[in-house]
Amino acid sequence: MPAIARAPIVQGLIFGIVGFLIGIAGTGLVRVAFLGRDGGDWWSTDLSWTIGYPVALVGWLIGVGGWRYWGREWFGGEVDQYEMKGWQRYFGFSPDHKVIGIQYVVTFTLLFLLSGLTVMLVRYELAQSGLQLFNNDTYNAAMSFHGITMVAVAVAILAGGFGNYVLPLQIGAQDMAFPRLNALTFWLVPPVAILLVTAVLMGGWETGWSAYPPLANLQTKPGQVLFNLAVITFGLVSILGAINFLVTVIYERAPGMTWGRLPIFTWGIFAASLIAFFFTQAFAAGLAMILFDRVLGTSFFNASGGGSAILYQHVFWFYSHPAVYVMVLPAFGLILEILSHLSRKPLFAYRWAVGGMIGIVALSGVVWAHHMFTSGMQDYLHAPFLVLTELISIPTGLIFLAAIGTIWAGRLWVNVPMLFALGFLFNFLMGGITGIYLADVPTDLFLHDTYFVVAHFHYTIMGGEIFALMAATYFWFPKMTGRMYSERLGQLHFWMMFIGFQLVFLPMFDVGIKGMNRRVADFPSAYDDFNLFITLSAFFLGASFIPFTWNLVVSWIRGPKAEANPYRASTLEWQVSSPPPEHNFPEIPEVVGPPYPYGQPDVRHVPGPAGAAGAPAGGGGGGGG
């Protein structure tokens with residue numbers, strides 16, 4: 001076989017295509033056998049896609065290395081060793097958590113940029129009233145693709161990417177608890193992206209990322225089936241990844257790494273993994289029931305058959321509101337991590353911040369129905385869900401106050417990661433304050449399905465999660481690549497992104513209060529001036545990612561060599577070379593103190609000078625108690 005055909009990705013695509021053809025051919029034969037040649041276009045039905053895709057997925061996993069490096073062992077065979085070295089290991093089945101972390105980061109960064117380009121087209125359409133670039137169907141397809149891809153990025157990139165790379169280093173482990181499962185989890189992601197892009201090429205789907213019936217379970221475009229299959233697969237990624245993180249933190253910690261000495265970023269990943277493990281199956285079950293309604297003729301959500309579309313909303317939001325915290329909890333942990341290191345202070349109220357994260361986990365599953373105040377729920381349920389939704393702001397506030405207390409009177413090193421961390425605090429404060437109006441029934445009844453919700457959601461997720469993503473990218477870029485980025489280009493990126501973000505989403509609060517509906521391709525001409533300003537600002541915001549992309553690509557190729565610990569930070573990931581060696585540590589480290597011993601000369605995180613908290617290179621002196 002030619003060398004190119006033996007490449008894992010190429011081989012996976014070939015096996016996947018063959019598996020898909022086998023699946024739809026088998027489906028066609030069964031249909032012809034039972035229904036005859038007049039049984040319909042068997043090759044294009046929802047059933048054919050539903051059967052063909054799982055077979056294709058198995059073929060893909062076998063091709064990229066799942067069988068060669070893992071599956072043979074199930075049948076008593078010998079598995080191959082992981083011989084790929086250098087850049088080639090990033091394109092194959094590798095159990096190294098550092099390789100998998102970079103695979104996640106690069107894959108989802110590309111998906112993030114593709115989704116951003118899609119929303120530029122959406123904003124061009126919305127620059128003025130009337131239909132310019134899209135019709136109603138194509139607008140819905142573009143908006144739906146942007147919605148689900150950005151949700152996928154927000155759910156996976158911090159935990160799957162930076163969590164995979166950094167967490168084992170932070171707790172002193174040599175790898176994740178289940179390395180091969182970790183690799184398998186990543187290689188489930190490319191089929192998700194392929195399905196979503198294929199769905200768009202087939203006309204897209206019309207339901208947004210929430211896939212509400214009755215539209216979703218009607219016999220509409222086949223893109224809806226591909227969307228369902230993609231999200232169910234992504235749910236499997238989330239559950240398997242959560243299990244791996246939970247077991248790793250519980251059982252793989254270094255000697256002396258007690259629960260009270262865990263770095264706060266590790267706590268954020270651990271808390272998010274608890275939510276993902278307990279709640280993700282709800283969304284997958286809802287989408288599976290929609291598939292059954294379409295393919296098998298069941299009536300879970302079909303009112304004419306005794307089902308209820310409101311039932312789907314309960315199932316969907318039972319996961320999808322906790323999913324907000326799957327996105328945000330790793331961001332909280334990351335921001336507190338950066339603020340402590342770059343303020344040269346111990347994390348303020350560490351135990352209260354951890355308690356806030358656990359409190360969010362406990363309350364996240366009992367607030368879902370505030371999304372349904374306008375859906376026709378019983379009036380006696382309004383007050384309990386209003387109170388519970390307001391209640392979850394208390395543990396969130398504890399985390400926010402820990403951040404403010406950490407930077408108070410600290411010796412701040414205002415570099416690019418710190419700028420994005422401070423931007424996160426401002427944006428998330430805006431998102432939290434405006435969320436109060438959507439948690440309260442009287443105001444939510446007025447603001448629901450307006451651009452006020454769009455602005456609030458983006459301040460919470462893009463202003464929070466994506467700003468945290470940028471902070472993580474710059475903060476750990478030296479550790480992951482062994483290169484330093486351009487500080488000047490990074491600061492240009494921050495100020496363009498921060499200013500552009502405010503110019504885009506602040507006006508949406510106003511236009512939403514004035515009654516402009518979201519998720520529509522056209523609007524009354526009275527909103528023209530608002531929307532033209534928002535669209536021009538969106539193009540400016542989109543342009544901010546040009547210096548970001550240029551900076552990271554060029555710096556990764558020929559940036560200055562990074563030292564092991566450019567920030568003079570105290571946690572374990574900074575006590576090894578940049579990038580770290582294959583097995584992380586030459587010997588298992590011993591932890592003897594708290595993770596942030598700044599301003600405490602006699603306290604170390606690990607023994608010796610390496611565990612001390614010195615001044616960051618180029619920054620102020622240490623201390624700042």
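Residues numbered from 1 in each chain as written. Predicted model: local features only at pLDDT ≥ 70, side-chain atom pairs only at ≥ 80, totals over all residues. Heavy atoms only, no water.

1. Describing helix 9 (residues 264–295)
- An ideal rise of 1.5 Å per residue puts 46 Å on 32 residues; helix 9 measures up with 46 Å between its terminal C-alpha atoms.
- At Phe 279, helix 9 shows its strongest bend, of approximately 40°.
- Most of helix 9 sits out of view: 25 of its 32 residues are buried.
- Downstream of helix 9 by one or two residues, Gly 297 has phi in the positive range, about 80°. (Helix = DSSP H or I, 4+ residues; strand = E, 2+ residues; numbered from the N terminus. Expected span 1.5 Å × (residues − 1). Bend = angle between axes of the 7 residues up to and from the residue. Buried < 20%, exposed > 50% of the residue type's maximum accessible area, 1.4 Å probe, protein only.)

2. Quick notes on the domain arrangement of the protein
- For the protein, the domain assignment lists domain 1 (1–75) and domain 2 (100–614).
- Relative placement of domain 1 and domain 2: their C-alpha centres are 32 Å apart.
- Together domain 1 and domain 2 conceal approximately 1600 Å² of surface at their shared face, both sides included; 77% is due to carbon and sulfur atoms.
- The largest contributions to the domain 1 side of the interface with domain 2 come from Asp 46, Tyr 53 and Trp 70, which together make up 40% of the buried area.
- In this structure, the salt-bridge partner of Arg 294 is Asp 46, at a minimum N-O distance of 3.0 Å.
- Summed over the shared surface of domain 1 and domain 2, the result is four residue pairs in polar contact (both at pLDDT 80 or more).
- Counting residues per element, the ones that place at least two in the side of domain 1 that touches domain 2 are helix 2 (8–35) and helix 3 (46–74).
- The element contributing the most residues to the side of domain 1 that touches domain 2 is helix 3, with twelve residues.
- Residues that form the side of domain 1 that touches domain 2 fall into these classes: eleven nonpolar, one polar and two charged. (Domains from an automatic or database assignment. Buried area = accessible area lost by both parts, 1.4 Å probe. Salt bridge = Lys/Arg side-chain N within 4 Å of Asp/Glu carboxyl O. Polar contact = N/O pair within 3.5 Å; in protein donor to acceptor, adjacent residues only side chain to side chain. Nonpolar A, V, L, I, M, F, W, Y, C, P; charged D, E, K, R; others polar.)

3. Quick word on the packing of aromatic side chains
- For the coordinates displayed, the defined rule picks out 58 aromatic pairs.
- A cation over a ring is seen here: Arg 253 above Trp 259, with NZ or CZ 4.4 Å from the ring centre. (Phe/Tyr/Trp six-rings, centres within 6.5 Å; stacked < 30°, edge-to-face > 60°. Lys NZ or Arg CZ within 6 Å of the ring centre and 35° of its normal.)

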